[in-house]
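Residues per chain are reported as follows:
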Amino acid sequence: MMDIFIRNEREQRLVQYAQNLAQQIEKTANQYDESGKFPFEHFKILEDAGYFRLTVPQKYGGEEISLYEMLLVQEQLARGDASTALSVGWHLLTFLNVREAKTWPEPIFAELCRKAVEEGSLLNIISSERGKGNISRGSLPGTIAKKVPGGYCITGEKAFASLAPILKQFTIIAYLEEENLTAEFLITKNEQVEIVETWDAMGMRATGSHDIIFHDTFVPEAALLYRHHPNGVNRFLAGGRVYSLEIPAVYLGVAGAARDYAIDFAKNTYSHSLENTIAHASHVQQRIGEIEVLYQTARRTLYSIATQVEQNPALKEQLSESVSIAKYVICNYAIDIVTKAMQVVGGRSLSKENKIQRLFRDVQCSRFNPPADDVVIAQLAMELLADKKQVTFQL
């Protein structure tokens, strides 16, 4: 069946490339899901295939794929293993975001690009802290950076640090006491940076999203990448946050894998009462039809926004609300798709040997990637209900 969202030969090659990688990592996805260990094996496969350089600018040796293309490859990779796709996605979107927002000093960005291309070095922004709210939207972090001779001393603790076992360098958000603002710092792992293996979640079990503790960690002056001034550029909100569409793309890939599994199961499972496969049962046909409506709607939502960005880049700053709605719609549809797929498969879907139960657990995690559902709904409501100057007409 032709995929209408693949528009040209280049995109077809990228999709086939990602599908091949997905097939390779799927072979051991259940093994890493069960153990909860970080899948270094998967990342070696991706590194050897050049996956880490996909969003790196061409001038620094990367492929410089577009937002649309990133969504295509990530959706396909997630069909093989969602944990691996979600983890490596933070790396891809970081390079895509920084190359467009241009918030970091260019020499540092160039060096990080070189490391990604030549050394297979991964990068992620570690911002989450337990009980501190959404730091990217202004909540003050508990991680503190104090000015010291030659640089800064950083203390504090970060949580949910995906890729923690494999990262050599990463960035964090810390509070600059002397300047009363937050800033992004580049951290290089050393003996003052402690990884605490806390990640033991229900889903996305192989993302290595552990805690990181900074024990009076010294970083040089150059490690301060940029300051968050109240009226300045905030790379997390830049471009209408369109790069963050990568997150729902991963969960859409999970939903697609469940969809395909349910269809294949229906076509190949014989029912003695029907004297035919269960694909001929009306209730199965109903579920498959419902799945397809949700799946096609979710994909059109994702790729229509990416197309809009591509056709009119100037509109990006106005798409923040659309991006939030897309995340809400796609992720909730993905959860419904996997649930309906389990209903098609029946009791067998609960077996630990059945991959669909892994897909079910993984897709639940979509509710906890930003922005959360309640935040999206509240912001939409407040915008609509805000007091604005009313114009009244008298006849």
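None of the values given here were measured: they were computed from a predicted structure.

Thresholds applied
Residues numbered from 1 in each chain as written. Predicted model: local features only at pLDDT ≥ 70, side-chain atom pairs only at ≥ 80, totals over all residues. Heavy atoms only, no water. Helix = DSSP H or I, 4+ residues; strand = E, 2+ residues; numbered from the N terminus. Rg over C-alpha atoms; globule rule 2.2 N^0.38 Å. Lys, Arg positive; Asp, Glu negative; His and termini not counted. Charge placed at Lys NZ, Arg CZ, Asp CG, Glu CD. Pairing = 2+ DSSP bridges. 1 Å grid on protein atoms, 1.4 Å probe; cavity = no way out; pocket = protein on both sides within 12 Å on 5 of 7 lines; lining within 4 Å. Points joined across faces, edges and corners; volume = space filled by probe spheres on them. Nonpolar A, V, L, I, M, F, W, Y, C, P; charged D, E, K, R; others polar. Axes fitted to C-alpha atoms, helices over the stretch in contact; angles between N-to-C directions. Parallel < 35°, antiparallel > 145°, perpendicular 65-115°, else oblique. Left-handed = near helix turned anticlockwise from the far one by under 90°. Contact = heavy atoms within 4.5 Å. Salt bridge = Lys/Arg side-chain N within 4 Å of Asp/Glu carboxyl O. Buried < 20%, exposed > 50% of the residue type's maximum accessible area, 1.4 Å probe, protein only.

Draft legend 1. The arrangement of the overall build of the protein in detail. In terms of regular secondary structure, the protein is built from 11 helices and 10 strands. Here the protein has a C-alpha radius of gyration of 22 Å; the compact-globule value for 395 residues is 21 Å, and the two agree. Its C-alpha atoms give the protein principal-axis dimensions of about 80 × 75 × 40 Å. Taken as two groups, the 41 positive and 48 negative side-chain charges of the protein have centres that lie 2 Å from each other.

Draft legend 2. Focus on the pairing of strand S7 (residues 210-220). The sheet contact formed by strand S3 (residues 151-161) and S7 spans eight bridges and is antiparallel. Note on S7: the bridge partner recorded for lysine 158 is isoleucine 212. Pairing between strand S6 (residues 193-196) and S7: four bridges, direction antiparallel. Within S7, the position partnered with isoleucine 195 by the bridge is isoleucine 212.

Draft legend 3. Seen up close, the layout of surface pockets. As a volume, the second largest pocket reaches approximately 510 Å³. In terms of lining residues, the second largest pocket is bounded by 24 residues, among which Asp3, Arg79, Arg259, Asp260 and Tyr295 are the most central. Elements supplying a minimum of two residues to the lining of the second largest pocket: helix H1 (9-26), helix H4 (67-80), helix H7 (246-268) and helix H8 (282-311). Ranked by the residues each element gives to the lining of the second largest pocket, the list is headed by H1, at six residues. When grouped by side-chain class, the residues that make up the lining of the second largest pocket number 10 nonpolar, six polar and eight charged.

Draft legend 4. Expanded view of the packing of H7 against H8. Remark: H7 packs on H8, axes separated minimally by 11 Å, with the N-to-C direction vectors making an angle of 155°. Here H7 lies roughly antiparallel to H8, going by the angle between them. Crossing hand, H7 versus H8: left-handed. On the side of H7, the interface is formed by Ala249, Leu252, Gly256, Arg259, Ala262, Ile263 and Ala266, while H8 contributes Val284, Ile288, Ile291, Glu292, Tyr295, Ala298, Arg299 and Leu302.

Draft legend 5. Representation of the pattern of salt bridges within the structure. Counted under the stated rule, the structure contains 26 salt bridges. Residue aspartate 200 pairs with arginine 205 through a salt bridge whose shortest N-O separation is 2.8 Å. Owing to a relative accessible area of 62%, aspartate 200 belongs among the exposed residues under this scheme. Of the charged contacts in the structure, one is a salt bridge between glutamate 292 and arginine 259, with a shortest N-O distance of 2.6 Å. In this pair, glutamate 292 is assigned in helix H8 and arginine 259 in helix H7, connecting sequence segments 33 residues apart.

Draft legend 6. Highlighting the environment of phenylalanine 265. With respect to the secondary-structure elements, phenylalanine 265 resides in helix H7. As a C-alpha pair, phenylalanine 265 and alanine 341 span 76 residues in sequence and 9.6 Å in three-dimensional space. If near-sequence neighbours (up to four positions away) are discounted, phenylalanine 265 is found in contact with Ile278, Val344, Val345 and Arg348.

Draft legend 7. Layout of the packing of H8 against helix H9 (residues 320-345). Here H8 crosses H9 at 160°, and the two axes come no closer than 9 Å. On the basis of their axis angle, the class for H8 and H9 is roughly antiparallel. Every pair of crossing elements has a handedness; the one defined by H8 and H9 is left-handed. Within the contact between the two elements, H8 uses Val284, Arg287, Ile288, Glu290, Ile291, Leu294, Tyr295, Thr297, Ala298, Thr301, Leu302 and Ile305 and H9 uses Ser322, Ala326, Ile330, Tyr333, Asp336, Ile337, Lys340, Ala341, Gln343 and Val344.

Draft legend 8. Seen up close, unusual backbone geometry. For the bond running from proline 370 to proline 371, omega is -5°, close enough to zero to count as cis. Mapping proline 371 onto the fold places it in the loop between helix H10 (355-364) and helix H11 (373-385). Residues other than glycine seldom take positive phi values, yet leucine 163 does so here, at roughly 75°. For leucine 163, the position within the fold is in the loop between S3 and strand S4 (169-176). Positive phi, close to 55°, is recorded for glutamate 275, a residue that is not glycine. Structurally, the position occupied by glutamate 275 is in the loop between strand S9 (270-271) and strand S10 (276-277).

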